[in-house]
Amino acid sequence: IALGFVQFGFVVTYLSDPLISGYTTASAVHVLVSQLKYLFGITLSQKTQPLSLIYTIVKICSRLPETNIGSLVTSIVAIVVLLLMKFLNEKFATKLLIPVPIELIMLIVSTGISFGVGLYNKFGIENVGHIPVGLKIPMLPDFSLFPDIVGNAFTIAVVGYAITISLGKLFASKHGYKVDSNQELIAIGFSNFIGSFFQCFAISASVSRSMVQESTGGNSQVASAIASFVVFIIILRAGELFQDLPKAILASIIIVNLKGMFKQFSEVRVLWRSNKVDLVTWLVTFTATILFNMDIGLAISVAFSLLTIIFRTQLSDYSILGQVYETSIYKDVSRCHQAKEIPRIKIFHSSCTVYYANADQYLETLCRKCGVDVEKLIEKKRKAIKKKQKRELKELKKAKKEKERSITVRTDMTDMSTYCSSDDYSVIAELRLTNR
């Protein structure tokens, strides 16, 4: 809440689009791997330390012989049905008033089948199980725990905010709106503040559930309000109705709706053609998040993203501009053949601001592009200035000497006027001037 009020959301500026894309794609991989144990019907302990994703994959592969056939078949059937209905919803989107809510239909049907047939007892397909009904009585948090959890709480807050704002910017770019980063901070802060009195989990955006809602056509806050109301009803009373829901069905719904996230792998090809630095940012973010989990991966990716800013200034694009014929448009003459340089004028263009780290490179490129040795020009100018100063000094000395001579003549004239007549004075003065 405090960070939101002090406008700390500006840090989102450093979450570039490649970083968000790589981070959310890696998050989708984490979600996918976490759901595999339900698809295969195997039990697996959860780890959170670095390389835990690799550990989980290795464990799943080692326990594949223990796969529950019933869970696997249920998952395959659910995935096929979901993909088929998703395809039909997209194909007949213009003819359908609203998309077919296949996820909701599948939840209800699968719960009914599981209850009627007894899938758990006959085939060992694991169900959701007991769902507590009702809200906990609100109570004050245990403040004595604060010193022990403040470090982890800060990490969870940062990662939760990063996931929320990443998903927000992802959907914003897809549907054409803007996300207020400071408003998101305040919203998450108030949600966690209120939830703390009811012993809730830390609140953040969910990659899987957000993709489910978006892919089913929920693009506004009304959809979130309805979903929240349904969850509220389930918590109060209807939770017991879904105790027989197979976990394989839930996992299948989540995995199918992650399809949109995995489409972001196609950005690698686009970035390869457009911007190599953005491509490296995407790959570093994805790899770091996969190997070191969400918190450490986020820190590494942000640090690398900031480092690329220095790289970009060192690898700036410098060019000489020319005027496109009979227009006021100026283009790089090396790329646009229609652009011609203006005679006796060089227009040098830099794609970044000049500062101490790239000043030398800027000057070197300027000299090379313009075909002029600036140092020689500066030295030539210095010599010309020195030569001019010497000439002026010489003229100044000469003028000073002439002034001194004229003073001497006038003094001599004054002295002689005392002893000579006017005629003698004029003759002597003339002789002196002639001799001088």
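The structure presented is a predicted model; accordingly, all values stated were derived computationally and were not measured. All chains use their own residue numbering, which begins from 1 and follows the written sequence. Per-residue local features of the predicted model are confined to residues with pLDDT of at least 70, and side-chain atom pairs are confined, for both listing and counting, to 80 or more; whole-chain, interface and lining totals are unaffected and use all residues. Excluded from the side-chain calculation are hydrogens and water; included are all heavy atoms of the structure.

**What about helix α13 (residues 276-314)?**
So, step 1. Taking 1.5 Å as the rise per residue, α13 with 39 residues should run 57 Å; its terminal C-alpha atoms sit only 14 Å apart, a clear shortfall.
So, step 2. Taking the largest bend as the criterion, α13 deviates by roughly 140 degrees, centred on N293.
So, step 3. Whenever two N or O atoms come within 3.5 Å, that pair is a polar contact, provided that in protein one can donate a hydrogen and the other can accept it, and provided that, for residues adjacent in sequence, both atoms are side-chain atoms. Helix and strand assignments come from DSSP, with helices taken as H or I runs of at least 4 residues and strands as E runs of at least 2, each series counted from the N terminus. By the N-cap criterion, in which a side-chain oxygen at the helix start approaches the backbone nitrogen of a residue two or three places on, α13 is capped by N275, the distance to V277 being 3.0 Å. Multiplying one less than the number of residues by 1.5 Å gives the expected span of a helix. Axes are fitted to the seven residues ending at a residue and to the seven starting at it; the angle between these axes is taken as the bend at that residue.

**Section: empty space enclosed by the protein**
To find the voids left in a structure, one rolls a probe of water-molecule size over its atoms.
So, step 1. Only protein atoms enter the 1 Å grid used here. Points where a 1.4 Å probe fits but cannot escape make up a cavity, open sets with protein on both sides within 12 Å along at least five of seven lines make up a pocket, and a residue lines them when an atom lies within 4 Å of a point. Grid points are joined across faces, edges and corners, and a volume is the space filled by probe spheres set on the points. Inspection of every chain in the model, using the stated rule, returns one cavity of 30 Å³ or more.
So, step 2. Put simply, the largest cavity is a space of about 40 Å³.
So, step 3. Around the largest cavity, the lining residues are K37, Y38, G41, S71, I125, E126, K247 and A248.
So, step 4. When contributions to the lining of the largest cavity are tallied by element, the ones reaching two or more residues are α2 (17-40) and α10 (247-257).
So, step 5. Residue polarity is assigned by list, with Asp, Glu, Lys and Arg as charged and Ala, Val, Leu, Ile, Met, Phe, Trp, Tyr, Cys and Pro as nonpolar; anything else, Gly included, falls into the polar class. Across the lining of the largest cavity, the residue classes tally to three nonpolar, two polar and three charged.

**Things to note about the UniProt feature "transmembrane region" (unreviewed entry) in the protein chain**
So, step 1. UniProt positions are given in the numbering used here, feature names are shortened, and annotations may be inferred rather than shown by experiment. Those residues carrying the UniProt feature "transmembrane region" (unreviewed entry) are residues 69-88, 100-120, 149-172, 184-207, 219-238 and 282-311 in this numbering.
So, step 2. The span residues 219-238 carries 80% helix and 0% strand; its end-to-end C-alpha distance comes to 26 Å.

**Digging into the layout of surface pockets**
So, step 1. Counted as a void, the second largest pocket has a volume near 860 Å³.
So, step 2. Every residue lining the second largest pocket is counted, 42 residues in all, and those nearest its centre are K174, M211, E214, S215 and G260.
So, step 3. Residue assignment for the lining of the second largest pocket shows that the elements contributing at least two residues are α2, α4 (69-91), α5 (102-123), α6 (146-175), α8 (207-215), α10, α11 (259-262) and α12 (267-274).
So, step 4. In terms of residue count, α6 provides more of the lining of the second largest pocket than any other element does, seven residues in total.
So, step 5. Among the residues making up the lining of the second largest pocket, the classes are represented as 19 nonpolar, 12 polar and 11 charged.

**Thoughts on a nonpolar patch on the surface**
So, step 1. Only residues whose relative accessible area exceeds 30% and that form no salt bridge are eligible for patches; like-charged ones are grouped when within 9 Å, while nonpolar side chains (Val, Leu, Ile, Met, Phe, Trp, Tyr) are grouped when within 5 Å. For the accessible areas, the method is Shrake-Rupley and the probe is 1.4 Å, while residue cover comes only from the protein chains on display. The rule for a salt bridge is simple: a side-chain nitrogen of Lys or Arg has to be within 4 Å of a carboxyl oxygen of Asp or Glu. A cluster of nonpolar residues, L135, V222, I226, F229, V230, V231, F232, I233 and I235, forms a patch on the protein surface that exposes about 790 Å² of accessible area.
So, step 2. Checked against the element boundaries, V230 lands in helix α9 (residues 221-236).

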